[in-house]
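# Structural characterization, general
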Amino acid sequence: MDRPPPDPPEPGPSETARPETAHSETVRPETARSPETARPRRNRDADWDAWPVDAYLAENYRTLHPYDIGVIHHHAGVYRSFAPGSLVRTLELGAGPNLYPLMLAGAAARRVDALEPSAAGVRYLRGQLTHGVDDSWLPFYRLCRSLDPALPESCAEALRRVRVVRGTADDLRPGTYDLASMNFVAESVTEDFEEFTEVCDVFVHAVAPGGRLLAAFMEGMPSYRIGTGPVWPACPVDEAALRAVFAPRTTGLRIVRLEKDRTLPEYGDTGMLLLTAERPGPAGTPAPQGDSSSR
């Protein structure tokens, strides 16, 4: 099986987590494009190393929001369908500083690769893993463990199997992982639907044939601001768009919609879409342990 190199090259364009902000009254969905070309902004056009980690966390991950609760319930149902330690290696694509997708893998996975391109995101993740998580993450972990009792008693133990890897989707090699997770990434790094599709294609092929896919997407979100900072590119997607991208590439596709979370700043999104699927395998190839539904 192909495996990514131990030390991936320095990152190019970035994937990151759900776009969030320090002050809701300063957030406005944006459709601005490069005035020189009026073309859709692509991943490489944004300075992802300038991603404002502190603002991202201060407004959106210091307390549980309805979106977070919905994602955790959905994803926990997938992870608890696997026996503890039955996933040899899993991926969190574009991890960002959001810790709860990493927590959720802490029973089923023996190793979790948190692939993150931003220097600021990598620094935050490594600091949390080295020095202990911020207290604000503990309610998130309590919810995760209440839904999957196989998780270790401590959050630190659950995160012990996480390896932070600085890199991008371009560094992934097909067939490496038993399960791949991607949360608020492909739709929030580009305005170009073709590039969105390319990121999703790499995501699908990151798992071995029969491997599981788990993802969350902001529905209908245009390009956006965080506070008074620059405009970040986004590609509005809906369920039909996800089905158009994933149905030809996967089996067992299921999409669940969450209603818009009005406790968060206004990004112009209309809700959230939660996806599960598998990468097709040759006839008779067993999937990793666990059923094909989120329960």
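To be clear, the structure that these remarks concern was listed above.
Bear in mind the structure is a predicted one, so any value in this text is a computation, not a measurement.

### Regarding the overall build of the chain
Within the chain, the secondary structure is distributed over eight helices and ten strands. Sequence separation of at least 24 residues holds for 80% of the intrachain contacts in the chain that already meet a minimum separation of 6.

### Re the state of the cysteines
Applying the stated criterion to the full structure yields zero disulfides. Free of any disulfide, Cys144 has its nearest neighbouring cysteine sulfur in Cys155, separated by 8.1 Å. Residue classification places Cys144 among the buried residues on the basis of a relative accessible area of 0%. Cys235 takes part in no disulfide bond, and the closest cysteine sulfur, belonging to Cys200, lies 9.1 Å away. Overall, the relative accessible area of 4% leaves Cys235 in the buried class.

### What to know about the pattern of salt bridges
The final tally for this structure, using the stated rule, is 17 salt bridges. Here Glu198 and Arg42 are joined by a salt bridge, their closest N and O atoms 3.9 Å apart. Taken together, the residues span a long stretch of sequence, with Glu198 in helix α7 (residues 193-205) and Arg42 in the loop between β1 (29-30) and α1 (53-60) at a distance of 156 residues. Under the relative-accessibility criterion, Glu198 is labelled partly exposed at 37%. The exposure class of Arg42 is buried, given its relative accessible area of 17%.

### Concerning the pairing of strand β10 (residues 271-278)
Put simply, side chains in a regular strand alternate between the two faces of the sheet. Taken across its eight residues, β10 has eight buried, putting it largely inside the fold. Of the two faces of β10, the one holding Gly271, Leu273, Leu275 and Ala277 and the one holding Met272, Leu274, Thr276 and Glu278 are both buried throughout. Of the strand pairs in this sheet, strand β6 (residues 207-219) and β10 are connected by eight bridges, and their pairing is antiparallel. Bridged to Phe217 within β10 is Leu273.

Analysis parameters
- Residues numbered from 1 in each chain as written.
- Predicted model: local features only at pLDDT ≥ 70, side-chain atom pairs only at ≥ 80, totals over all residues.
- Heavy atoms only, no water.
- Helix = DSSP H or I, 4+ residues; strand = E, 2+ residues; numbered from the N terminus.
- Contact = heavy atoms within 4.5 Å.
- Disulfide = S-S within 2.5 Å.
- Buried < 20%, exposed > 50% of the residue type's maximum accessible area, 1.4 Å probe, protein only.
- Salt bridge = Lys/Arg side-chain N within 4 Å of Asp/Glu carboxyl O.
- Pairing = 2+ DSSP bridges.

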